[in-house]
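# Notes for the structure review
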Amino acid sequence: MDQYSRQPLRDNHTDEELADDAPVYDLYDDGTDIHLATVEEKKRLWWKNAFINALFIASWFLFATILSVYNKWMFSPEHFGFPAPLFVTTMHMIAQFILAAALRGLFPDHFRPEHNPSGRDYARRAVPTGIATGLDIGLSNLSLKTITLSFYTMIKSSSLVFVLLFAFLFRLEVFSLRLVGVITLIVAGVVLMVATETHFVLGGFILVISGSALSGLRWSLTQLLLKDKHLGMANPVATIFWLAPIMGITLAVISMVIEDWLGLLGSVFFSNASRTVRTLFFLAAPGVIAFSMILSEFYIIKRAGVVPMSIAGIAKEVTTIIVSAWFFGDELTPLNITGVAITICAFLNLLVQASLCLPSTNTGSQ
């Protein structure tokens, strides 16, 4: 008799054993015992998972904020002024691949899955995810050459609209009118964010909004990869290992088309040994931060899904706006602030919905 046709012999349990706060073991007719979690055990498991998820969210929050500020400093002409953001991001992808390969080699029991993706699966599922991720990161970084960090952060916060749309499309989230209402609030907030932007640059806006759309796509595609244990990308390190080459190639091709690599190597950034070492440090070191951020992001998506990942992002966006206003002197108008507040309220609405998933404290019989 298979496991789906076995029937538990409930008559073996006393009333006390069937209480919600007592551990219950079902005895199947083939003699197999299976433990049924009580409400208290479910609550403890929920809080344990919530704590672990909060740690990953906090680490992602930290690394993402540092990387946003670094990118603005790195690419702004009034600061370090490096003229090739896509070249920089390509170097980050190389660093991420090396770090992922090192972890797989040093800790194979933890980071090397039993399966590797087949050529067909890699081409059909990993390559589109890698291209979408590479374009998201590359276009977002490229926009920072022309727009303020505050404006970038405001528009990038609209990525939840695309996250939800793609989550509905790929059936990762259940469609609901409440979520549609939240999306409408976010769109209204974003409109207010840019309504009086004094440093509005159409080209930069198009780059950021394209990155936001690709962000929603790539998060949904990534969740699909992480859910499939037979694909060989069930853990985030393996996912980075297989996706980083595609992301790097995508960015390198675009970079070679629009950025002058030969001219870059002959620029002031590589004019002598000391400047070359300094430039290489600023190119390579943030790759470790980017790896840590992507690793945290993938763990959040694997454990909680794309919507909680987006909810976590709003805290980072607000922090980035505050840091930008303080560090780079970006100006915020009252209407911009109103737009940010509306977007935050929409995200908090989602957070309240997520909190309703906490197991009930009711101890009555089920």
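Below is a summary of the structure that appears in this document. As the structure is a prediction and not an experimental result, all values here were calculated from the model.

## Some details on the packing of helix 4 (residues 119-143) against helix 8 (residues 202-227)
For the pair helix 4 and helix 8, interaxial distance at closest approach is 8 Å and the crossing angle is 150 degrees. Relative to helix 8, the element helix 4 is oriented roughly antiparallel. The handedness of the crossing between helix 4 and helix 8 is left-handed. Among the residues making up the contact of helix 4 with helix 8, the classes are represented as 14 nonpolar, 9 polar and 3 charged.

## Description of the packing of aromatic side chains
For the structure on display, the rule yields 14 aromatic pairs. Considering the side-chain rings of Phe56 and Tyr299, the 4.8 Å spacing of their centres and the 10 degrees angle between planes classify their relative orientation as stacked. Pair noted here: Phe56 is in helix 1 (residues 39-75) and Tyr299 is in helix 11 (residues 273-304), with a separation of 243 residues, a long-range link. Relative accessible area serves as the criterion here: at 23%, Phe56 is assigned to the partly exposed category. With 5.2 Å between their ring centres and 80 degrees between their planes, Phe87 and Trp261 make a pair best called edge-to-face. Pair noted here: Phe87 is in helix 2 (residues 85-106) and Trp261 is in helix 10 (residues 261-265), with a separation of 174 residues, a long-range link. By relative accessible area, which is 11% here, Phe87 ends up buried. Pairwise contacts between aromatic rings join Trp73, Phe80, Phe82, Phe87, Trp261, Phe269, Phe281 and Phe282 into one cluster. The ring of Phe241 has Arg104 sitting right over it, with the charged end atom 4.2 Å from the ring centre.

Thresholds applied
- Residues numbered from 1 in each chain as written.
- Predicted model: local features only at pLDDT ≥ 70, side-chain atom pairs only at ≥ 80, totals over all residues.
- Heavy atoms only, no water.
- Axes fitted to C-alpha atoms, helices over the stretch in contact; angles between N-to-C directions.
- Helix = DSSP H or I, 4+ residues; strand = E, 2+ residues; numbered from the N terminus.
- Parallel < 35°, antiparallel > 145°, perpendicular 65-115°, else oblique.
- Left-handed = near helix turned anticlockwise from the far one by under 90°.
- Nonpolar A, V, L, I, M, F, W, Y, C, P; charged D, E, K, R; others polar.
- Phe/Tyr/Trp six-rings, centres within 6.5 Å; stacked < 30°, edge-to-face > 60°.
- Buried < 20%, exposed > 50% of the residue type's maximum accessible area, 1.4 Å probe, protein only.
- Lys NZ or Arg CZ within 6 Å of the ring centre and 35° of its normal.

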